[in-house]
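Analysis of the macromolecular model
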Amino acid sequence: MSNLVLFGRPLAAGDPLGSELRCWLSRKARHELRAVACNLMFDERVSLERENALRTYFAVARDSPFEGRLQTAIREYHRERIRTAPDPEFLDAAANSENLAGRRYDGIELARILNLNGLAAVFSAARGSIDSFEDFPRQIDKPALTASAYDLEVLRWLDEHLGAPGSNRDSVIRDVLLALNKARVEKPYQPAWATSWNDLAQVIAEGSERWCQVVGVANTGGTARWVLVLRYRLPPGCPLVRPTILDAGYNAYHFPSPLRRGRKTGHPMDLRCTPLPQKLRRELIHQQIDHHPDHWEAAGRLLDRTDGPLPGRLGLRRRAHLRLLTEHYKSGLQGWTERYL
Amino acid sequence: MDLLEGAGLPAVGHDEEPYLWLLRVLPVDEPERSAVVAKLAATSAALLERRPDVEPTTRHPESLLYNLLLLCASLHRPQELAEPLFAIWKRKALAGRWHGLDLRAALSAALASNQIDERLWPEWRDLLRGKPERFLPGHPYDGFDGALWMPAGPDQLDKPNLPVLGKALKLMAGQLEAIRQRRQKFQKLVRRVLDTYPAHPSWNVDLIRLADRESFPVWAVECLPSLSVALGKAENGVKGYLLWFPFVLFLKGVTEREPHGIFHQSRNLCSGMIAEVRLNDPLRQRLREISSDLERPRLDLPFPSRRAMQGVVIDAMAALEKRYQEQGRTNEAASALEARRIILRSPPLAFVDAAKQPSPAQAFATPE
C-alpha cells in the first residue's frame, strides 16, 4: 500500500489521514471500513477545496472508543456541510464545479423513491399539525420499547393507513409530502437522491424490491417498508449534481464514478445479486425541493410494501458494480482494484 | 455521548438517528435485556444531570438532546430518569428543534414514559383540554400519552392509574365529539389503554365504571370493548352483570314470558345506558346466544350519530327475531320483537326519565 491516494491524489508520507486510511484498508478491518476507504481513495471528483474542508474536520476530531478521527471527520463534515446546510457544499460552483451537471440536464425527468418508514421522525414531528399523523406512534408506546418494536409500530400504522381496505391513500400521501415539505423548511435534510425517470421506468413492472435495488437503497430497518415513487422535474435554477463520497457520507453502499469529462452523472450500485446487474443507471443529487401529490400521480401512483433489498453481501455487490463501470468506461479506473472493495 | 452523536454507526448512510441504532443493538432476551436497559438508563441519567439544555458541551447540542430525550422516552426507566427529566422541565430552558421536532416535544415524550407520580398531571390535563401551550407543546394525544403512563405513585409503576385514565378518556371524548370518525378514534384510544396494561384483570368492568363516574358521552360508552360484562362468580345459581340497554330489554322480555328466569335489575349506570343486573343460568344462556349479535355491529359501526347506533340495534334485533322464529323459539322471538319496538319508540338506548326525553328531532340529530 505504498501508493496510498486520497480522492485520486497521492498522499504524502506521514500524512496522519493516510495512517487512518491504512488501518481501514488492512485485512483485519471490517468490510464496510474497507469499502468506505476505497470510496475515499478513488473518488477523483472530490476537489482539492473539498478535501481541505474535510481536513479541517479531521484536524479537530478527537479519538473516541467507537470510531476513529477520520470517521468522525466524515460524519461531521457531512452533517454540517451537506445534511443540515441550507446551501450545501455540493452546490458550491467554485468547490464543486466539476460535478455540477450543467444545462445539458435541464428539464430532465427525475425519479425519487421515498422510504416512508424512514420518515418516522418527520411524521412524528407532524403529529400536532397535520391531520393524518394525529395518532402516529411515538417511541413511548410500549414499555422498554426496542427499536425493532417501534419499527413494527410504524409499519403497523403505515399498513393501516395505506394498505387496509378503505384506507384513503390520496389523503395520506398528500400529508406525507406536506410533512416532508414542512420539515425541510425547519431543518434541511440534504441532499435529495434521484435517478432519471427513464432509468427507473425500465424496472417499474418488476416490483418495488427491484425499484429499491436499482437505486441502491438497502432495507436496514429490520421490517418491511412502504416505498413510493415520485416523478418530477426540477424548478428553474435548481441544479443537478453528480454525487461524491462526501455527499453520501460514511456509506459503503455508495460507489464513486470515474472522472470523465462530459459525463455528469454518477451511478447507483444496483443491489440485485441474482442475477447480477447488467446495466448502469444514472444517479444525481439536488437540494431539497417541495414535492406535490402530482409528482406521485405522474409516477403512476406507485406505492408498495417491500421487504428488500436486504443489506450485506457488500463484496459481491461492489465487485459487480466495478465490473459494470469497467465495461462502460473502459479506462480511467486504474488502481480501482477489487482488492480494496 | 459519542454514540448519541452518531459515532460508530454502520456504514449505510445516516438516514436514521443514532438513538434508534442504539436501541436496535439491545439484547432481545431477558435477563440480559433488562440489565442493559438499566445501565443505559443510568448513563442517560448521568448525561441529563450535566444539564445539556443550559450547558451544552457539544458542537450539535440539538442533535444530542433530540437523541438523548427520545432514547429516554424509549427506555421507560422512571427509577433512573424521572428526576433528571423533571429537572429539565422545571428549568424551562430547553429550546431548539431537530428533524422538525421541537425539543420540548421530545422532552414531553421522555417525561411521559418516565413518571413516578402524578406531579405532571396539570401539564397533561391542559394538553388534553387543548389549552394554549404551557411549556410542553403538543396536542391532546400527547396529553393522553402522559396520562396513560402516569402512575399513582412510585409503588404503582406498572399499574394503570384508573381515575386519571377515566378523566383522560373523558377529555379525549370531548376533543373527538365533533369528528366524524369519533367512534373509531375513541376505540383506538381505549385499545391503547388495554395494550399498555394487558395484565390488569378487570378492564371491562373498570371501563364501564369509569365511564359512569366521569359521565362519558353516550357514543363513547358505546365504544367500550364490552357492554356485556360478568361480575364475579355465581352465587346460588345467580350471577351479576353489567349490561347494555338492548340486552336488558331482550332478557326482561324473556323473563316475562317464562316462569323460570331470574332477572333482577339493581341500578343504572352511564345515564341509564347500562344496568347492573343479576341473572340465573337460563338467562345467562340466552345472553351468550345473543351477545355477539349486538356487540359486533356496535363496535363496527363507522357512523357517529345516535340514530346510526339505533339503526344497528334495530337491525340486530330483527335478525335475532328471525333466527329464533326459524328455530321455533317463540318466546325469544317475541322478546326480540318487543325490544325492537321499544327502541323504535324511544330513541335513546337507555333507561331515562320520560319527562326528560329529548324531542324526536333532538334524538335523531347527528353531530356537525
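Everything numeric in this text was worked out from a predicted model, so none of it was measured. For every chain, the first residue of the written sequence is number 1, and numbering continues from 1 onward in sequence order. Chain A is the first chain written and ligand 1 is the first ligand written, with later ones labelled in order. Residues qualify for local features only when their pLDDT is at least 70, as the model is predicted, and side-chain atom pairs are given and counted only at 80 or more; totals for whole chains, interfaces and linings, by contrast, use all residues. By convention in this description, side-chain values take in all heavy atoms of the structure and omit both hydrogens and water.

A look at the overall build of chain B
Along its length, chain B carries 16 helices and six strands. Projected onto the principal axes, the alpha-carbon positions of chain B cover approximately 80 × 45 × 40 Å. Residues counted as buried form 56% of the 368 residues belonging to chain B. We call two residues in contact when some of their heavy atoms are within 4.5 Å. Relative to all contacts within chain B whose residues are 6 or more apart in sequence, the contacts with residues 24 or more apart total 68%. Carbon together with sulfur atoms contributes 52% to the accessible area of chain B, which is approximately 15700 Å² in total. Think of it this way: Lys and Arg go in the positive column, Asp and Glu in the negative one, and His and the chain ends go nowhere. Charged groups are reduced to one reference atom each: NZ for lysine, CZ for arginine, CG for aspartic acid, CD for glutamic acid. Across chain B, the centroid of the 49 positively charged side chains sits 5 Å from that of the 46 negatively charged ones. Here a strand is any run of E in DSSP of at least two residues, a helix any run of H or I of at least four, and the numbering for each starts at the N terminus. Burial status follows relative accessibility: with a 1.4 Å probe on protein chains alone, a residue under 20% of its type maximum counts as buried, one over 50% as exposed, and anything between as partly exposed. Throughout, the Shrake-Rupley method with a 1.4 Å probe supplies accessible areas, and for residues the shown protein chains are the sole cover considered.

Re the overall build of chain A
Summing up its helical and strand segments, chain A has 12 helices and seven strands in all. In terms of overall dimensions, chain A is globule-like: its C-alpha atoms have a radius of gyration of 20 Å, near the 20 Å expected for 341 residues. Taking the principal axes of its C-alpha atoms as reference, chain A extends roughly 65 × 45 × 40 Å. Within chain A, buried positions represent 59% of all 341 residues. A fraction of 75% describes how many contacts in chain A between residues 6 or more apart in sequence connect residues 24 or more apart. In the structure as shown, chain A presents an accessible area of about 13700 Å², 51% of it carried by carbon and sulfur atoms. One way to put it: in chain A the 49 positive side-chain charges average out to a point 6 Å from where the 41 negative ones average out. The globule rule used for comparison is 2.2 Å times the number of residues to the exponent 0.38, while the radius of gyration itself is calculated over C-alpha atoms.

Thoughts on the nonpolar core
Put simply, a nonpolar core is a bunch of buried Ala, Val, Leu, Ile, Met, Phe, Trp, Tyr and Cys residues held in one set by side-chain atoms that sit within 4.5 Å of each other. Residues Leu116 of chain A together with Leu107, Phe186, Trp244 and Ile274 of chain B are the most contacted members of the largest nonpolar core, which totals 155 residues. Among residues more than four places away in sequence, those in contact with Leu107 of chain B are Leu69, Leu85, Ile88, Trp89, Leu94, Phe135 and Leu136 of chain B. The next biggest cluster of nonpolar side chains, apart from the first, holds 48 residues, and it includes Leu17, Ala73, Leu271 and Leu333 of chain A.

A few points about the sheet that holds strand E3 (residues 228-235) of chain B
Residues and elements named next belong to chain B. By this definition, two strands are paired if DSSP reports at least two bridges between them. One open sheet accounts for four strands, arranged E3-E4-E6-E5; its pairing is antiparallel. Each having just a single partner strand, E3 and strand E5 (263-269) make up the two edges of the open sheet. Going across the sheet, the axis of each strand differs from the next one's by a mean of 20 degrees, ignoring polarity. For E5 and strand E6 (residues 274-280), the ladder comprises six bridges, and the chain directions are antiparallel. Every axis in this analysis is a line fitted to C-alpha atoms, fitted for helices over the stretch in contact. Angles between the N-to-C directions lie between 0 and 180 degrees.

Describing the packing of helix H3 (residues 61-75) of chain B against helix H5 (residues 103-112) of chain B
Residues and elements named next belong to chain B. Two elements in contact, H3 and H5, have axes separated by 7 Å at closest approach and are oriented at 20 degrees. Taken together, the axes of H3 and H5 lie roughly parallel to each other. Note that H3 runs across H5; the crossing there is left-handed. Mapping the contact onto sequence places Glu62, Leu65, Tyr66, Leu69, Leu70, Cys72 and Ala73 in H3 and Leu103, Ala106, Leu107, Ala109 and Ala110 in H5. For the contact of H3 with H5, a count of residues per class yields 11 nonpolar, no polar and one charged. Put simply, angles under 35 degrees are roughly parallel, angles over 145 are roughly antiparallel, angles from 65 to 115 are roughly perpendicular, and the rest are oblique. In this scheme the handedness of a crossing depends on how the near helix is turned from the far one: anticlockwise by less than a right angle means left-handed, clockwise means right-handed. Under the scheme applied here, ten amino acids are nonpolar (Ala, Val, Leu, Ile, Met, Phe, Trp, Tyr, Cys and Pro), four are charged (Asp, Glu, Lys and Arg), and all others, including Gly, are polar.

Structural notes on the pattern of salt bridges
The term salt bridge refers to a side-chain nitrogen of Lys or Arg lying within 4 Å of a carboxyl oxygen of Asp or Glu. For the coordinates displayed, the defined rule picks out 51 salt bridges over all chains. For Lys185 of chain B, the salt bridge identified is with Glu134 of chain A, shortest N-O distance 2.8 Å. With Lys185 of chain B in helix H9 (residues 182-196) and Glu134 of chain A in the loop between helix H5 (120-125) and helix H6 (147-163), the pair connects residues from two separate chains. With its nearest N and O atoms 3.0 Å apart, the salt bridge here joins Arg329 of chain B to Glu289 of chain B. Of the two residues, Arg329 of chain B is situated in the loop between helix H14 (306-326) and helix H15 (330-345) and Glu289 of chain B in helix H13 (residues 281-300); the sequence distance between them amounts to 40 residues. Judged by its relative accessible area of 25%, Arg329 of chain B falls in the partly exposed class. Overall, the relative accessible area of 22% leaves Glu289 of chain B in the partly exposed class. In this structure, a network of salt bridges that share partners links the residues Arg127 and Arg138 of chain A together with Asp142, Asp145 and Arg192 of chain B.

Focus on the interface of chain A and chain B
Between chain A and chain B, the residue contacts involve 47 residues of the former and 49 residues of the latter. Where chain A abuts chain B, roughly 4200 Å² becomes buried across the two surfaces, and 50% of that area is made up of carbon and sulfur atoms. For the pair chain A and chain B, the interface holds seven salt bridges. Here Arg138 of chain A makes a salt bridge to Asp145 of chain B, at a shortest N to O gap of 2.6 Å. Any pair of nitrogen or oxygen atoms within 3.5 Å is treated as a polar contact; in protein, a donor-acceptor pairing is required on top of that, and neighbouring residues in sequence qualify only through side-chain atoms on both sides. One can count 12 residue pairs in polar contact (both at pLDDT 80 or more) joining chain A with chain B. Only helix H2 (31-42), helix H3 (48-60), helix H4 (69-83), H5 and H6 of chain A provide two or more residues apiece to the side of chain A that touches chain B. Top contributing element to the side of chain A that touches chain B by residue count: H4 of chain A, with six residues. When the residues that make up the side of chain A that touches chain B are grouped by side-chain class, the tally is 17 nonpolar, 12 polar and 18 charged. Summed over both partners, the accessible surface that disappears when two parts come together, traced with a 1.4 Å probe, is what is meant by buried area.

Structural notes on the environment of Lys239 of chain B
Along the chain, Lys239 of chain B falls in strand E4 (residues 238-244). When the C-alpha atoms of Lys239 of chain B and His200 of chain B are compared, they prove to be 22 Å apart, with 39 residues separating the residues in sequence.

Some remarks on helix H10 (residues 203-214) of chain B
Every helix has an expected span of 1.5 Å times one less than the residues it contains. The end-to-end C-alpha distance of H10 of chain B is 16 Å, a good match for the 16 Å that 12 residues give at a rise of 1.5 Å each. Where H10 of chain B is buried, its residues meet helix H8 (162-176), H9, helix H11 (218-221), E3, E4 and E6 of chain B.

Describing the packing of aromatic side chains
Residue and element names in this part refer to chain A. Centres within 6.5 Å make a pair out of two Phe, Tyr or Trp rings, where for Trp the six-membered ring is used; the pair is then stacked when the planes are under 30 degrees apart, edge-to-face when over 60, and tilted otherwise. Per the counting criterion, the structure on display carries 14 aromatic pairs over all chains. Ring centres of Phe133 and Trp157 lie 5.6 Å apart, and the angle between their planes is 25 degrees; this geometry places the pair in the stacked category. Taken as a pair, Phe133 in the loop between H5 and H6 and Trp157 in helix H6 lie far apart in primary sequence, 24 residues in all. No difference in accessibility class separates Phe133 from Trp157, as the two residues are buried.

Let's talk about the environment of Asp300 of chain B
Residues and elements named next belong to chain B. Within the secondary structure, Asp300 is located in helix H13. The exposure class assigned to Asp300 is partly exposed, which follows from its relative accessible area of 47%. Sequence-wise, Asp300 and Val312 are 12 residues apart; in three dimensions their C-alpha atoms are separated by 9.7 Å.

Thoughts on the pairing of E6 of chain B
Residues and elements named next belong to chain B. Burial within E6 is extensive, with six of its seven residues counted as buried. Pairing analysis gives seven bridges linking E4 to E6, with the strands arranged antiparallel. Bridge pairing in E6 places Trp244 opposite Ile274.

So, unusual backbone geometry
Following Gly308 of chain A, the chain continues into Pro309 of chain A via a peptide bond in cis, with omega recorded as -10 degrees. Within the fold, Pro309 of chain A resides in the loop between strand E7 (303-306) and helix H12 (314-329). Note the cis peptide between Glu30 of chain B and Pro31 of chain B, where omega equals 0 degrees. Checked against the element boundaries, Pro31 of chain B lands in the loop between helix H1 (18-24) and helix H2 (32-49).

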